[in-house]
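Inside the fold
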Amino acid sequence: MRTSTRLILLLTLTVSAVMVIATYLTSQNSARLLEDAARDEIRVHAITLQMALEEDYLSGGSLDAQRFINRLGSIEKIYCVILFDDQGEISMVSNSINSEQVKDPLEAQQAIATGKAFETVRQINNQTVFSIIAPLQVNEKRIGALEVAQPISFVNRHIAQTRRDTVLLGALICLAMFLVVLAVTRFSLANPIKELLGGAVAFGSGDLSHRVKVHRGGSELKILASEFNRMADQLAEQRARIATEAEERLQLERKLRHSERLATVGRLAAGVAHEIGAPLQVIDGRAKQLQESLDAPVEKRQRNLAIIRAQVDRISRIIRNLLNLARPYNLNLKKIDLQQAIATVVEALETQAARAGVRIKLESENGVAVKADADLLNQVLLNIALNGIQAMPGGGFLCIRYTADAGIKDGERFASIRISDNGSGIANEHLLRIFDPFFTTKEVGSGTGLGLAVSSRIVEEHGGWIEAGNNSEGGATFTIYLPQN
């Protein structure tokens with residue numbers, strides 16, 4: 001239900017309730033006033049008749065009492081007039097009623113006995129009337145009593161008519177109030193609110209060009225509409241400014257990415273040139289020896305050819321690693337038990353570790369499995385573990401630890417494999433570059449600088465990542481995160 005409708009109903013119901021209460025109270029008050037007025041009128045007639053009859057008796061009875069009460073009884077609001085003798089019995093009635101059906105009221109005797117007037121409601125000829133019975137007294141002698149009666153139905157008709165008029169007036173006032181409230185709320189409240197709501201909907205859909213209509217008048221809604229439009233202007237300006245800034249940032253980012261690509265290509269070219277240049281120089285030198293010494297012994301020529309082939313194999317390995325770094329992997333994912341996978345790597349590295357004086361320590365939890373390609377995971381573990389062994393030429397410890405539930409990313413649980421050594425660690429300026437292709441701190445010919453880059457790419461293809469850092473007690477740690485099975 002709309003706010004304006006609720007407000008109209010609330011105001012209308014409130015005003016109606018007030019009008020109903022006011023109408024009821026007014027009706028009750030009017031009925032009471034009508035009853036009081038009717039009784040006052042009967043009292044006046046009774047007093048007038050009482051005074052006239054007492055004067056008549058006092059002056060010798062020249063007044064025709066029957067004619068007088070008949071004339072009084074013919075008044076519209078008077079039902080009948082009755083005279084009583086000094087015994088309280090009926091002696092004369094107006095011709096508006098049948099005297100045979102009138103009973104002597106007890107109040108007539110009481111009025112004669114006490115000299116006081118009585119007011120009562122009784123039945124006369126099956127008609128409910130309001131009567132005033134007053135004593136007649138001449139020279140302190142009570143000579144009888146008189147009764148003036150008025151039909152209650154006459155008073156009730158006036159009361160009912162007054163109530164109908166009051167209710168009708170109240171209904172007309174409620175209707176007028178409803179129409180006024182409806183007009184005021186529609187033109188001063190509903191329409192401005194509708195405009196503001198339309199503006200809010202337009203803003204919510206992204207249309208900042210929409211403006212609400214500002215209605216005439218000095219109400220708060222007009223001020224709100226003006227402020228709404230001012231806010232829209234400011235938002236439109238801010239959007240235009242943000243769009244301009246975003247375009248400028250985009251252009252800057254494109255330039256930066258282009259520069260980064262050029263720098264990457266440059267580093268890659270430099271690395272390729274460095275890694276391939278050395279074996280090419282060896283090949284060139286051995287080829288010259290073969291060319292210049294055609295009569296050299298067979299053993300020497302065979303040795304030169306073997307060296308040339310070894311350098312060609314080295315170049316081939318570099319090219320294969322570059323292709324592995326760039327090509328997409330066709331992963332053969334399956335459930336792999338980490339204990340078994342790491343045991344295979346430790347077995348493959350036993351000879352090299354023993355030669356370098358390195359002891360391999362394995363810390364594990366039972367039943368930890370990951371989703372991975374077995375061959376590629378083996379390649380990653382071998383690369384990182386071998387780097388750790390090579391970082392401890394004087395011997396040391398290589399610790400491999402794997403745990404379950406090591407992290408959560410995008411609602412998926414990850415296991416971790418930590419490979420730590422107690423060697424010299426990684427220089428802080430090298431930490432951000434160790435996964436770059438061809439970056440290496442080893443001596444020339446000891447590595448291509450592609451092992452960690454390829455390993456990082458393989459782990460990312462699995463949906464995981466590798467973190468590298470130095471240990472507080474010395475040495476470096478590589479942590480591999482892989483999705484748990």
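In this report, we go over the structure that sits alongside the text. (Residues numbered from 1 in each chain as written. Predicted model: local features only at pLDDT ≥ 70, side-chain atom pairs only at ≥ 80, totals over all residues. Heavy atoms only, no water.)

Turning to the nonpolar core, a few remarks are in order. Grouped together as the largest cluster of nonpolar side chains are 38 residues, with contacts concentrated most on V370, L377, L381, I384, I417, I419 and I480. Secondary-structure elements contributing two or more residues to this core are helix 7 (338–356), strand 8 (369–372), helix 8 (374–390), strand 9 (396–409), strand 10 (412–421), helix 9 (451–461) and strand 12 (476–483). Sequence-distant contacts of L377, defined by excluding residues within four places in its chain, comprise I336, L338, A341, V370, A372 and L482. Listed in part, the 16 residues of the second largest apolar core include L49, L83, F130 and A134. (Core = buried A, V, L, I, M, F, W, Y, C linked by side-chain atoms within 4.5 Å. Buried < 20%, exposed > 50% of the residue type's maximum accessible area, 1.4 Å probe, protein only. Helix = DSSP H or I, 4+ residues; strand = E, 2+ residues; numbered from the N terminus. Contact = heavy atoms within 4.5 Å.)

This part takes up the packing of aromatic side chains. Scanning the model with the defined rule gives 2 aromatic pairs in all. When the ring of F414 is compared with that of W465, the centres are 5.1 Å apart and the planes differ by 55°; the resulting orientation is tilted. Residue F414 is found in strand 10, and its partner W465 is found in strand 11 (residues 465–470); the two are separated by 51 residues along the sequence. Residue F414 is classed as buried on the basis of its relative accessible area, which comes to 1%. A relative accessible area of 22% places W465 in the partly exposed class. (Phe/Tyr/Trp six-rings, centres within 6.5 Å; stacked < 30°, edge-to-face > 60°.)

Okay, helix 9 next. Helix 9 sits mainly inside the fold: 8 of its 11 residues count as buried. L452, A453, V454, S455, S456, R457, I458 and V459 are the residues of helix 9 that are buried. Where helix 9 ends, the next residue or the one after it, G463, has phi of about 90°, a positive value.

Turning next to the packing of helix 8 against helix 9. In the contact formed by helix 8 and helix 9, the axes pass within 9 Å of each other and the chain directions differ by 145°. The two elements helix 8 and helix 9 meet at a crossing, and its hand is left-handed. Across the interface between the two elements, L376, Q379, V380, N383, I384 and N387 of helix 8 pack against G451, L452, V454, S455, I458 and V459 of helix 9. (Axes fitted to C-alpha atoms, helices over the stretch in contact; angles between N-to-C directions. Left-handed = near helix turned anticlockwise from the far one by under 90°.)

Taken as a whole, this structure holds 9 salt bridges when the rule is applied. In this structure, the salt-bridge partner of D40 is R43, at a minimum N-O distance of 2.6 Å. With D40 and R43 both in helix 1 (residues 3–59) and 3 residues apart, this pair spans about one turn of that helix. The shortest N-O distance in the salt bridge between R401 and E363 comes to 2.6 Å. Linking R401 in strand 9 with E363 in strand 7 (residues 358–363), this pair joins segments that are 38 residues apart in sequence. Given the relative accessible area of 25%, E363 is considered partly exposed. The network of salt bridges with shared partners includes D40, R43 and E119. (Salt bridge = Lys/Arg side-chain N within 4 Å of Asp/Glu carboxyl O.)

Of note, S455 is situated in helix 9. Judged by relative accessible area, S455 falls into the buried class, the value being 0%. If sequence neighbours within four positions are ignored, S455 has contacts with V380, N383 and I466.

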